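So you can see what is in the structure, the chains are spelled out below.
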Amino acid sequence: MTRRVLIVEDESRIAHWVSTYFGREGYEALLAEDGLTGLALALEERVDLIVLDVMLPGKNGVDVCRAIRRESDIPIIMLTAKDKESDKILGLDAGADDYVVKPFSPNELLARARALLRRTEGLTQEILIGGEVELDISARRCTVRGESVALTSTQFLILAALMRQHDQVLTRQQLLDAARIDGAEVFDRTIDSHIRRLRLLIERDPAHPHHITTLYGAGYTFRS
Ligand code: CA
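Definitions and cut-offs
Each residue is numbered by its place in its chain's sequence as written, counting from 1. Note on the predicted model: pLDDT of at least 70 is required for a residue's local features to be given, and 80 or more for side-chain atom pairs to be given and counted; whole-chain, interface and lining totals, by contrast, use all residues. Values shown for side chains rest on all heavy atoms present in the structure; no hydrogens or waters enter the calculation. A run of H or I in DSSP becomes a helix once it reaches four residues, and a run of E becomes a strand once it reaches two; helices and strands are each numbered from the N terminus. Only protein chains enter the calculation, and the probe is 1.4 Å; a residue is then buried if its accessible area is under 20% of its type maximum, exposed if over 50%, and partly exposed in between. Here a polar contact is taken to be a pair of N or O atoms separated by no more than 3.5 Å, where protein atoms must pair a possible hydrogen donor with a possible acceptor and residues adjacent in sequence count only if both atoms sit in side chains. Contacts between residues were defined by any pair of non-hydrogen atoms, one from each residue, lying within 4.5 Å. By convention, a stacked pair of Phe, Tyr or Trp rings (six-membered ring in the case of Trp) has centres within 6.5 Å and planes under 30 degrees apart, an edge-to-face pair has planes over 60 apart, and any other such pair is tilted. Cation placement over rings: the criterion is NZ of Lys or CZ of Arg within 6 Å of the ring centroid and within 35° of the ring normal.

A. Focus on the side chain of Asp192. The residue Asp192 is located in helix α8 (residues 188-202) in this model. Taking the relative accessible area as the measure of exposure, Asp192 reaches 19% and is therefore buried. Of note is the side chain of Asp192, whose polar atom sits 2.7 Å from the side chain of Arg172. Apart from the residues within four sequence positions on either side, Asp192 is in contact with Arg172 and Tyr220.

Have a look at this one:
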């Protein structure tokens, strides 16, 4: 059966763009431009996933989420405005499963949708998502900007360690430990060389890396 996604978003440009991307993944999309219509569709139609904007006319996304949760456990991803920490917390408190901060990339939203559906469908898998990079731990699969990327085991373990503790600095020693590299032949440069190759594989511009940044004298950090 075709999966159906309900997109509740009053900005028609975003709604159509999101529905196009879900369409390419084989979803049928239902659109609602205000909270009350979204709520009605969520409760009346067969829907597998809801993408719910917070700022909506009529009834806001947090209230819609709360109302849906009284009736249903359909997976819900909220779209929250940047710098509005409170929206994320309100959304999660209202029963949303996940959120994506605007502006977001379609691949990030789709990756979160896939991860959420896998989780709710009972297939427990650990999926790490950081911006354009998706790491499926159990399947040992790395996807960057929607394309599959082949990593060596060492690259995979290093990237997983960085993504698990994103926005924190990991020292070269911590990364060596994570990648289970040991022995007398190991130098700091070992990690630097793995990082250089990882950047070639995942960064848009490896010379100016966005995801894996160097903190000189300290180590490396992953950010979305
Ligand atoms: Ca909106």
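B. How the structure looks around the packing of aromatic side chains. One pass over the full model with this rule turns up three aromatic pairs. Between the aromatic rings of Trp17 and Tyr21, the centroid separation amounts to 6.2 Å while the plane-to-plane angle is 70°, which identifies the pairing as edge-to-face. One end of the pair is Trp17 and the other is Tyr21, both in helix α1 (residues 12-24) and four residues apart, which spans about a single turn. Assessed through its relative accessible area of 32%, Trp17 is described here as partly exposed. An aromatic cluster is built from Trp17, Tyr21 and Phe104, whose rings are joined through pairwise contacts. The ring of Tyr21 has Arg24 lying over it, and the distance from NZ or CZ to the ring centre is 4.6 Å.

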